[in-house]
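These are the residues of each chain, in order.
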Amino acid sequence: MSSHSTGSSSPRRITRIVTGARVTEGAGVKLRRLIGQPELPMLDPFLMLDAFRSDDPGDYIAGFPPHPHRGFEAVTYLLAGRVRHRDSAGHEGVIEAGGIQWMTAGRGIVHSEMPEQEDGLLQGFQLWVNLPARHKMDRPAYQEHGADRLPLERRDGDVEVKVIAGTTSRGTRGPVVQPLTEPLYLDVLLPPGARFVEALPTAHNGFVYVVTGTVGSSGDDGRPLRLESDRLGVLGRGTDVELWAEQGPVRFLLVAGRPLDEPVARGGPFVMNTAAEIEQAFDDYRQGRFQ
Ligand code: FE
């Protein structure tokens, strides 16, 4: 088989379906971990993806009391509920439903993430995006945007694309900017039977996470494949991802980023390049050098 010319498209098929593992984090918050567990340890530059959805306060009320981070970015996207965020540098606010907080931990931050509700549904995601070695010790920074600040791209057939980070093939630009990994983060709604095609940068790694309904796509062998809700599909190499609403209206996240291709050393809430840097992070934290 020969390719025709530069600019020709090739499908990005789903090479793996990930179910995830139940984990308990923070002071007792129940989550499902899709990335960052044995089934899928990482998808460079993505280190972790946790999904949470519960209307039982016992699953979330304990929240995440103060804890440190260093060396990466923690991205919280809420679909329902409210989460109060507070850090040791005095930065504080509430992430509301439909809002995003893109936190660049850089050289270090100590923060708490607590539900701002005693009952009702809390639903959302936390994605960890790695930083390259030369930027791991940058100053901490935030990009925070409420639901009303995220542009909505409407396509034929009542397709809605909420753009959090990156730019769609049709030119809609999300408010989050991160040139180090050039992330694309879309929240897509398809009515029953609708189809969605999007070109991703060829070097990017990417995944689809199904929030509701059943998404159709094609598998490694080119055959149609069903991706049920709460499952993550890893995208293979190619240009265009094609997804459709196989059953019911569907909602999914489409996320992609440029891999860093650097060694990764992890230690709890720190992600560096070497074990010595992890030790240094624990030492700095114990010595109060995170502020
Ligand atoms: Fe945190």
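What counts as what
- Within each chain, residue numbers correspond to sequence positions counted from 1 in written order.
- Local features in a predicted model are, by the rule used here, given only for residues with pLDDT of at least 70; side-chain atom pairs are given and counted only at 80 or more, and totals for whole chains, interfaces and linings are based on all residues.
- Neither water nor hydrogens contribute to the side-chain values; these are computed over all heavy atoms in the structure.
- Pairing of aromatic side chains requires ring centres within 6.5 Å, counting the rings of Phe and Tyr and the six-membered ring of Trp. Pairs whose planes differ by under 30 degrees are stacked, by over 60 edge-to-face, and all others tilted.
- We count a stretch as a helix when DSSP gives it H or I for four or more residues in a row; a strand needs E for two or more, and each element gets its number in order from the N terminus.
- Using a 1.4 Å probe on the protein chains alone, a residue whose accessible area is under 20% of its type maximum counts as buried, one over 50% counts as exposed, and one in between counts as partly exposed.
- For a helix, the expected span equals 1.5 Å multiplied by the residue count minus one.
- In this description, one arc is meant: the one made by directions from the helix axis to the C-beta atoms.
- Contact between two residues is taken to exist if any of their heavy atoms lie within 4.5 Å; hydrogens are not considered.
- Metal-coordinating donors are taken as N, O and S atoms lying within 2.8 Å of the metal, or within 3.2 Å when the metal is Na, K or Ca; because water is left out, some sites can appear incomplete.
- In these descriptions, tetrahedral denotes four donors with every angle between 85 and 135 degrees, square planar four donors and octahedral six donors with opposite donors over 155 degrees apart and the rest between 65 and 115, and irregular any other case.
- UniProt positions are given in the numbering used here, feature names are shortened, and annotations may be inferred rather than shown by experiment.
- When DSSP finds at least two bridges between two strands, those strands are taken to pair.
- Only C-alpha atoms enter the line fits that serve as axes; for helices the fit covers just the stretch in contact. Angles between N-to-C directions range over 0 to 180 degrees.

Another aspect to go through is the packing of aromatic side chains. Enumeration according to the criterion identifies eight aromatic pairs in this entry. Judged by centre distance (5.8 Å) and plane angle (55°), the rings of F270 and F290 are tilted. Taken together, the positions of F270 in strand β22 (residues 270–272) and F290 in the segment after α1 (275–286) put the pair 20 residues apart, joining distant regions of the chain. As far as the burial class goes, F270 and F290 line up, both buried. Through pairs of rings, three or more aromatic residues link up here, namely F270, F282, Y285 and F290.

The next point concerns α1. The end-to-end C-alpha separation of α1 is 17 Å, in line with the 16 Å expected for twelve residues at 1.5 Å each. When we look at burial in α1, the residues that qualify are I278, A281 and D284. Projected down its long axis, α1 carries its buried residues within an arc of 125°, all on one side. Exposed and oriented more than 90 degrees from the buried face of α1 are A275, A276, E279 and R286. Structurally, α1 contributes buried residues whose contacts are with β21 (265–267) and β22. Following α1 by one or two positions, G288 has its phi on the positive side, about 75°.

This part takes up the coordination of the iron ion. The protein atoms donating to the iron ion are H67 (NE2), H69 (NE2), H111 (NE2) and E113 (OE), with metal-donor distances spanning 2.1 to 2.4 Å. Classification of the site at the iron ion rests on its four donor atoms, whose angles at the metal span 83 to 176°, yielding the label irregular. Counting the intervening residues between successive donors of the iron ion yields the motif H-x1-H-x41-H-x1-E. Given a relative accessible area of 3%, H69 falls into the buried group.

Moving on, we come to the UniProt feature "domain: Pirin N-terminal" (unreviewed entry) in the chain. With numbering matched to this structure, UniProt assigns "domain: Pirin N-terminal" (unreviewed entry) to residues 29–129. A distance of 21 Å separates the end C-alpha atoms of residues 29–129, which is 0% helix and 61% strand.

Here strand β8 (residues 92–96) shows one buried face, formed by G93 and I95, and one open face, formed by E92, V94 and E96. Here strand β7 (residues 82–87) pairs with β8 via five bridges, running antiparallel. For H85, the partnering residue across the bridge sits in β8 and is G93. What sits between the antiparallel neighbours β7 and β8 is a turn of four residues, in which G90 has the positive phi angle 95°.

On to the sheet that holds β8. As summarised here, the arrangement of the four strands in space is β5-β10-β7-β8, forming an open sheet in which the pairing is antiparallel. Looking along the sheet, the strands with just one partner apiece sit at the ends: β5 (64–69) and β8. Taken over all neighbouring pairs, the strand axes of this sheet differ in orientation by 25° on average, direction set aside. Across five bridges, β7 lies against strand β10 (residues 109–115) in antiparallel orientation.

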